[in-house]
Every structure is written in structure tokens, then in C-alpha cells.
Amino acid sequence: MNTRSRIAVLASGRGSNLQCLLDAIAGGQLDAEIVGVLSDKPAAAALGKVPPALRWARSPREFDNREAFDAALGDALAACRPDWVICAGYMRILGAAFVERFQGRLVNIHPSLLPLHKGLDTHARAIEAGDAEHGASVHFVVPELDAGNVIAQARVPVLAGDSAEQLARRVLAVEHPLLLATARLLAAGRVAEQGGIIQLDGQSLLSPLRLDSDGTLAG
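This one's a predicted model, so the numbers in the text were calculated from it and none came from an experiment.

About the cut-offs
- Residues numbered from 1 in each chain as written.
- Predicted model: local features only at pLDDT ≥ 70, side-chain atom pairs only at ≥ 80, totals over all residues.
- Heavy atoms only, no water.
- Salt bridge = Lys/Arg side-chain N within 4 Å of Asp/Glu carboxyl O.
- Helix = DSSP H or I, 4+ residues; strand = E, 2+ residues; numbered from the N terminus.
- Pairing = 2+ DSSP bridges.
- Buried < 20%, exposed > 50% of the residue type's maximum accessible area, 1.4 Å probe, protein only.
- Arc of directions from axis to C-beta.
- Contact = heavy atoms within 4.5 Å.

K.L.:
Please provide a residue-by-residue account of the pattern of salt bridges, values included.
P.N.:
Scanning the entire structure with this criterion turns up nine salt bridges. Arg6 serves as the salt-bridge partner of Glu33, at 3.7 Å between the closest nitrogen and oxygen. Linking Glu33 in strand S2 (residues 32-39) with Arg6 in strand S1 (residues 5-10), this pair joins segments that are 27 residues apart in sequence. By sharing partners, the salt bridges in this structure join Arg4, Arg6 and Glu33 into a single network.

K.L.:
An account of the sheet that holds strand S7 (residues 150-157) is requested, with residue identities and associated values reported.
P.N.:
The mixed open sheet is built from nine strands, whose spatial order is S3-S2-S1-S4-S5-S6-S7-S11-S12. One side of each edge strand has no neighbouring strand; the edge strands of this open sheet are strand S3 (55-57) and strand S12 (217-218). Sheet topology places strand S5 (residues 106-110) next to strand S6 (residues 133-140); four bridges connect them, and they run antiparallel. Pairing of Ile109 across the sheet is with Val138, part of S6.

K.L.:
I'd like to hear about helix H1 (residues 16-26), residue by residue, with values.
P.N.:
Asn17, Leu18, Cys20, Leu21, Ala24 and Ile25 are the residues of H1 that are buried. Summarising the axial view, the buried residues of H1 lie within an arc of 155°, below the 170-degree limit, and thus occupy one face. Against S1, S2, strand S4 (84-87), S5 and helix H5 (164-187) lie the buried residues of H1. Of the residues one or two after H1, Gly28 is the one with positive phi, at around 75°.

K.L.:
Help me get a handle on the pairing of S4, residues and values and all.
P.N.:
Judged by which residues are buried, S4 turns out to be covered on both faces: Trp84 and Ile86 on one side and Val85 and Cys87 on the other are all buried. Summarising the sheet, S1 and S4 pair through four bridges and their orientation is parallel. Across the sheet, the residue bridging to Ile7 is Trp84, located in S4. When S4 meets S5, the two strands line up parallel, connected through three bridges.

Quick look at the structure:
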């Protein structure tokens, strides 16, 4: 009997985070299977990383309104029967009804140390703010943008003279191992959210886990 965790991925771009998960599955580092890749961009490169049967993509412009698109996306996602839904470079804001439909199994990876720098242009904003550290966060999705409880984070230094592009490359280098380490916890059933509090192995997680230099998560 196949007991591997079923993961669906929402992506809008090149799919580097998706590729990280696929490589880990192929290498035996993640006990899961990708059961669907869904996108709001029919030309997204991420779609080409999985067989056609696992792809779904529609342009929001084909729909009368945001709610109609979200409903179609939600129906396609539900048909995948995912245990977890990972937003990995999905650039469209999800409506409240969609988030509620998949509440508790919908997570996102965001390029900042939340609650700092929600939204876009995080690297430039971290430099402008004079932050000593920057990084990435994996969090549960709630209707408010980038406001859900954070499961884990990875940190990098902001160096003197950094450009946004240089800082972005440094963050991307830790983003992939952060996503993989978190996905392993999710797939193993070790993480849940109850009453607005993250539970790790049945105990309340009072602060985000932190990615160590060896790619493991620690409290």
C-alpha cells in the first residue's frame, strides 16, 4: 500500500523549488509524490517538469472574476487529492474562499524573514531597511498576505555593498534546502496547525524552526 505523502504544487515561474522537491523524491530524500502542478501561467516552465497528466494551467483572464478562477483552481487541486499544497513561486494572491477550502494543508515559501517584508521586492527592501540578516520563510497560508504562522526559516547575512540581485542569489541558495527540510516534516506527518498554533510532534512550536548549516531544522 502506497503511504507516501501526496504533494501538489502551485507555481507561476521556472519551478526551481519544484525541481528541488522532484530531485529529492528521485534521490530517496523525500517520501512523497508530486500529484499535480497547477499554474496561473499556461507558459510557466514549472509545468514542463511533470508529465502532462499532472499539469493544470489556466489564465485568470479567461474567467469573469477572481472568485471564478479560484473556484476552478480549487476544483482541479481537489481532484489531485493532495495531503499538502505547496505554493512555490506562485505569484497570484489566493482568495479567502480558496484558502479556507484548503486550510491547514496550504503552505508557502516566501523570500524574507517574516513578519518582515511581506509581499514583493523583499531583497531590495531588506537592503533599504538596513537589515543585518535576510532569508526565507515557510508558512501556513491565511487570507492576509504572507501573515500565516511560520514553520521554519533560513537566514543569510546582508553584506556591505550588496545589490538586490546578489542578496537574492544568497537567499535562493538556502531557500531550496529550507523547502526540502520543511517538506520532509510535512510528509512525515510531524507538523500540523491546530487552533492557530503550529504543532511539531504534538508539541506547540513557539518560534520558527531554523535551518542549520547542514540542512537540518532545529528549534
